[in-house]
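Listed below, chain by chain, are the residues.
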Amino acid sequence: MAPRLQLEKAAWRWAETVRPEEVSQEHIETAYRIWLEPCIRGVCRRNCKGNPNCLVGIGEHIWLGEIDENSFHNIDDPNCERRKKNSFVGLTNLGATCYVNTFLQVWFLNLELRQALYLCPSTCSDYMMGDGIHEEKDYEPQTICEHLQYLFALLQNSNRRYIDPSGFVKALGLDTGQQQDAQEFSKLFMSLLEDTLSKQKNPDVRNIVQQQFCGEYAYVTVCNQCGRESKLLSKFYELELNIQGHKQLTDCISEFLKEEKLEGDNRYFCENCQSKQNATRKIRLLSLPCTLNLQLMRFVFDRQTGHKKKLNTYIGFSEILDMEPYVEHKGGSYVYELSAVLIHRGVSAYSGHYIAHVKDPQSGEWYKFNDEDIEKMEGKKLQLGIEEDLEPSKSQTRKPKCGKGTHCSRNAYMLVYRLQTQEKPNTTIQVPAFLQELVDRDNSKFEEWCIEMAEMRKQSVDKGKAKHEEVKELYQRLPAGAEPYEFVSLEWLQKWLDESTPTKPIDNHACLCSHDKLHPDKISIMKRISEYAADIFYSRYGGGPRLTVKALCKECVVERCRVLRLKNQLNEDYKTVNNLLKATVKGDGFWVGKSSLRSWRQLALEQLDEQDGDADQSNGKMNGNTLNKDESKEERKEEEEELNFNEDILCPHGELCISENERRLVSKEAWSKLQQYFPKAPEFPSYKECCSQCKILEREGEENEALHKMIANEQKTSLPNLFQDKNRPCLSNWPEDTDVLYIVSQFFVEEWRKFVRKPTRCSPVSSVGNSALLCPHGGLMFTFASMTKEDSKLIALIWPSEWQMIQKLFVVDHVIKITRTEVGDADSSETQYISEPKLCPECREGLLCQQQRDLREYTQATIYVHKVVDNKKVMKDSAPELNVSSSETEEDKEEAKPDGEKDPDFNQSNGGTKRQKISHQNYIAYQKQVIRRSMRHRKVRGEKALLVSANQTLKELKIQIMHAFSVAPFDQNLSIDGKILSDDCATLGTLGVIPESVILLKADEPIADYAAMDDVMQVCMPEEGFKGTGLLGH
């Protein structure tokens, strides 16, 4: 099918030869493209929007033919949430609780610990009623042991693929959004569990933690002088092994037991010798537990940076570990086999992800526990390779080759070894009846949920099948052919065929013309369908109005025909009008704006294209290109502001403008041609008089301008030095030829100079307005000293001769003057300066206090930070990925007041000399405005602007600086005006940091490794660990 524009031209080609009054029904049907050939599926690749009979490519392809039932719903198969056969149950990650999940899985697969916990008495008996469980309320464990019991029972016999440990995590008081130190969690929880179980009567339960995890070693110190040996016995639940500088686990164990020399200042006090002696100290392993936990100290404190970091070095370890060489008493059974490897993914000590590789003690198979996901390793082998490839290593060290039965890891942080025994593990660990009943109840809820989800899937499938049959039936009957037809919007048809959205009632209002019929320009977004299909659509979905053959609008077609003929005629008329304009106008003519004459052809085209533009906009809407509401409003506003033809010679009163330079006289013939295109244009015959109101205003304006020029010239002549800022007196260097100087506001002088420079644009200044310099009591707000320094920008000094002229030219509300007098005799005279009116001490002190308070109490003010290297200011671009805060602001932009804008405290109107009384607060605001304008800091290249408040601490500022400069807080040395800023808890207001201040930053050691900045950002906030949790509350 031909492109849409070609179809558009073909539909209206008849308009070239048919006059508007000759339009027939055949022409109307051609314009609405009623008889265009419909497209054929397979031939037409996409829908032809210019052809209302094209019903291909509107979304029907997904319904024709066989359809997969899964496409009728978006509900996952509930069986995907079901536990797989011979697999374990996962644990939900509640945000950052993966470290908890890994240990729970390791402890669950410790069969002895699980069996002992099942033997713990439970308060569940209070929850039981008769032979069953209350149906009304859910079971809530009361103690940590009960939580573990319930979790282990669910992990053992739940039908779910994963369970929610939130009850257990909540009972411990852990923050689910903050990742904690996994090794510390393991220690604290084992201590809590041991303490909780110590109250049990059953020794198998009471001593399970010691039996499984507790070993004993001794700190042995030997005096080199007398050979005396002292021992300090200690229990351990895990061995903390330093891995720095080592490659093998056995090397780490050897270093842990290595002999240490105590010499020099570190000498040992021997009780036998009764003096400090050189000695040796080492650890001797006395007994080992059944489950040996080896903590690899990957997370260490870095003294240079002051925070923790992770050691990403490879450590080799074997699946069989013989500990006999390391224990003191030989001859026992000390061969261990690897049962779990706990992994930390990530390069940072403060973030990352924890997973566990655990060996099933009953089957001997290895599983990877990753929160909800459980993966079985092939061939009963531990496979760590993929874990080591997930994170890029900072160092270029290659992974060492590992022999059979050995492994290498740079992410393993804990190794769990089990003592080898000839006995097979107990395979019949039974869940207690009360726990099993709870598990069965949870399984019943899960099954009910599965049934509910399956039913919802079935309903969706049934609904989809019904829709499938409906579409297959109706789509075949959609084409209208020669039978009665109706129009339906393409958008509605597409939504009817869209399986993802429910079908709404038909709405054809957007396609109607002003005559409530189908607009011919909207035909590109409509489709012609059979009356049979339309009846079914309206009966099932409702809506309207129905657009039958009677909806074809003859009025719109006739108007469009007229417009098209005018467009075709426009080029000829343009030449004709140009020729008529060249001829001299004889007799009466018509006034036309010169601007309108220059652009009349373009205006005519835009006016004729206006309807086409509306149609295009509707097409854009169908294509998903609808204009933003704000954008369309702005465009409409701009269109309204644009002048129509001949409106450029309209005055504000709607009459002919008085300026003849803007208009031109054209002949009657030319005006007749123009009026065909602009029938509503303002018409001004040559005999039409100009606007009388504009003539009066013009005369008054000329008189006012002349008056203003005369006033300005007179004032400039009277006060030449004040206008040119020449020969001005100075208080710090008092002129010898006078003892009196007068004071006016600097603002008055600036406004007066504006008027004198541009008298036709600015209003004349009528009043001096000296009350702005006085307090509410009428006293002066400045001291003599302040007027020579910081307040000098607020006042202007006037010579006595100038003052006399000012009193003649302006209304003076208050006279302010300073008199110089000599006090004392001729030998010892002293010069004094007296102001009239006198200084008001109370208001002056209040002003100073307010100024200081304003500098100390601010919010969202701008300060500047400049980095210093070798005492020189340099520019350092921060890492783009670290600029995560919005602390850097745009430079403040000062908007100058327009010339015509009135100052609230300075009346310049001609209507009188009254001025509102200024309050103390108003004066402060006035003075602050002037000071701020004169003292504004100019930001230089490389300087960072930060938004701060007076009540924020220096520590918070350092965090902002870290984001802007990539310098950690502990590396920042800050100073302001030579004063070191060191108190992190002090507020910026108390430290003297005021708006526009410049703070110098000197960094000790810039951090080059941006990947480690995550550690820095974490350590900026106080690290509280497990403070406030149940792990420390026992």
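Parameters at a glance
- Residues numbered from 1 in each chain as written.
- Predicted model: local features only at pLDDT ≥ 70, side-chain atom pairs only at ≥ 80, totals over all residues.
- Heavy atoms only, no water.
- Buried < 20%, exposed > 50% of the residue type's maximum accessible area, 1.4 Å probe, protein only.
- Helix = DSSP H or I, 4+ residues; strand = E, 2+ residues; numbered from the N terminus.
- Contact = heavy atoms within 4.5 Å.
- Salt bridge = Lys/Arg side-chain N within 4 Å of Asp/Glu carboxyl O.
- pLDDT = per-residue confidence, 0-100.
- Pairing = 2+ DSSP bridges.
- Axes fitted to C-alpha atoms, helices over the stretch in contact; angles between N-to-C directions.
- Core = buried A, V, L, I, M, F, W, Y, C linked by side-chain atoms within 4.5 Å.

J.: Which residues make up helix α15 (residues 531-541), and what are the values?
T.: Of all the residues in α15, the buried ones are Ala-533, Ala-534, Ile-536, Phe-537, Tyr-538 and Tyr-541. For α15, the elements touching its buried residues are α13 (433-477), β23 (485-489), α14 (490-496), β24 (506-507), β25 (526-530) and β26 (543-544). Positioned one or two residues after α15, Gly-542 has a phi angle of 70°, which is positive.

J.: Hey, could you go over the pattern of salt bridges for me, with residue numbers and the actual values?
T.: Side chains that differ in sign of charge can pair as their charged atoms come close. For the structure shown, the criterion picks out 31 salt bridges. Among the salt bridges present, the one from Arg-728 reaches Glu-802, with a minimum N-O distance of 2.8 Å. Note that Arg-728 is positioned in the loop between α21 (720-724) and β29 (740-745) and Glu-802 in helix α24 (residues 800-809), a separation of 74 residues in sequence. Classification of Arg-728 by relative accessible area gives partly exposed; the value is 23%. The exposure class assigned to Glu-802 is buried, which follows from its relative accessible area of 8%. Taken together, the salt bridges that share partners define one network made up of Glu-8, Arg-33, Asp-521 and Arg-560.

J.: Which residues make up the confidence of the model for the protein, and what are the values?
T.: Per-residue confidence for the protein gives a mean pLDDT of 80, with 82% of residues at or over 70. Below a pLDDT of 50 lies the segment residues 871-935, which in the model reaches 121 contacts outside its immediate sequence neighbourhood of four places, other chains included. Considering only residues more than four positions removed or in separate chains, one finds that residues 1006-1021, a stretch of pLDDT under 50, has 42 contacts.

J.: Any chance you could break down the environment of Asn-79 for me, citing the residues and the numbers?
T.: Structurally, Asn-79 is set in the loop between α2 (25-31) and β1 (90-91). Between the C-alpha atoms of Asn-79 and Glu-447, which are 368 residues apart in sequence, the distance is 9.7 Å.

J.: Residue-level account of the sheet that holds strand β11 (residues 279-287), with values.
T.: The strand order across the open sheet formed by four strands is β6-β5-β11-β8, and the pairing between neighbours is antiparallel. The strands lining the two open edges of the sheet, one partner per strand, are β6 (229-236) and β8 (260-262). Across this sheet, the average inter-strand angle for adjacent strands is 30°, counted without regard to direction. Sheet topology places strand β5 (residues 215-223) next to β11; eight bridges connect them, and they run antiparallel. When the sheet's bridge partners are listed, Thr-221 is paired in β11 with Arg-281.

J.: Account for the sheet that holds strand β32 (residues 830-836), naming residues and giving values.
T.: The strand order β30-β29-β31-β32 describes an open sheet built from four strands, whose pairing is antiparallel. What marks the edges here is a single partner per strand, and that holds for β30 (795-798) and β32. Recorded for the sheet is a direction-independent mean angle of 30° between the axes of neighbouring strands. Each of β29 and β30 is contacted by helix α22 (residues 746-757), which is oriented at about 70° to β29, the strand it contacts most.

J.: Talk me through the pairing of strand β19 (residues 366-370); I want residue IDs and the actual numbers.
T.: Here β19 lies mainly inside the structure; five of its five residues are buried. The alternating pattern of β19 places Trp-366, Lys-368 and Asn-370 and Tyr-367 and Phe-369 on opposite faces, both of which are buried. Bridging between strand β18 (residues 353-359) and β19 involves four bridges; their strand directions are antiparallel. Paired with Lys-359 across the strands is Trp-366, a residue of β19. Here β18 folds back onto β19, and the loop between the two strands holds six residues, one of which, Gly-364, carries a positive phi near 80°. Summarising the sheet, β19 and strand β20 (residues 373-376) pair through four bridges and their orientation is antiparallel. Within β20, the position partnered with Lys-368 by the bridge is Glu-375. Counting the residues between successive antiparallel strands, the hairpin from β19 to β20 contains two residues, one of them, Asp-371, with a positive phi of roughly 55°.

J.: Now, about the nonpolar core: what can you tell me, with residues and values included?
T.: Core analysis: the largest hydrophobic core is formed by 67 residues, its most contacted members being Phe-185 and Phe-189. Sorting elements by how many residues they give to this core places helix α6 (residues 144-157) first, with nine residues. Other than its neighbours up to four places away in sequence, Phe-189 contacts Trp-107, Ile-144, Leu-148, Phe-168, Leu-172 and Leu-1031. Ranked by size, the runner-up nonpolar core spans 37 residues in total, among them Phe-236, Phe-256, Leu-296 and Leu-384.

J.: Tell me about unusual backbone geometry, and name the residues and values.
T.: For the peptide bond that leads from Gly-544 to Pro-545, omega is -5°, which places it in the cis range. With respect to the helices and strands, Pro-545 occurs in the loop between β26 and α16 (554-582). Here the bond from Glu-836 into Pro-837 is cis, since omega is -5°, no more than 30 degrees from zero. With respect to the element layout, Pro-837 can be found in the loop between β32 and α25 (841-856). Positive phi outside glycine occurs at Asn-86, with the angle close to 60°. Structurally, Asn-86 is set in the loop between α2 and β1.

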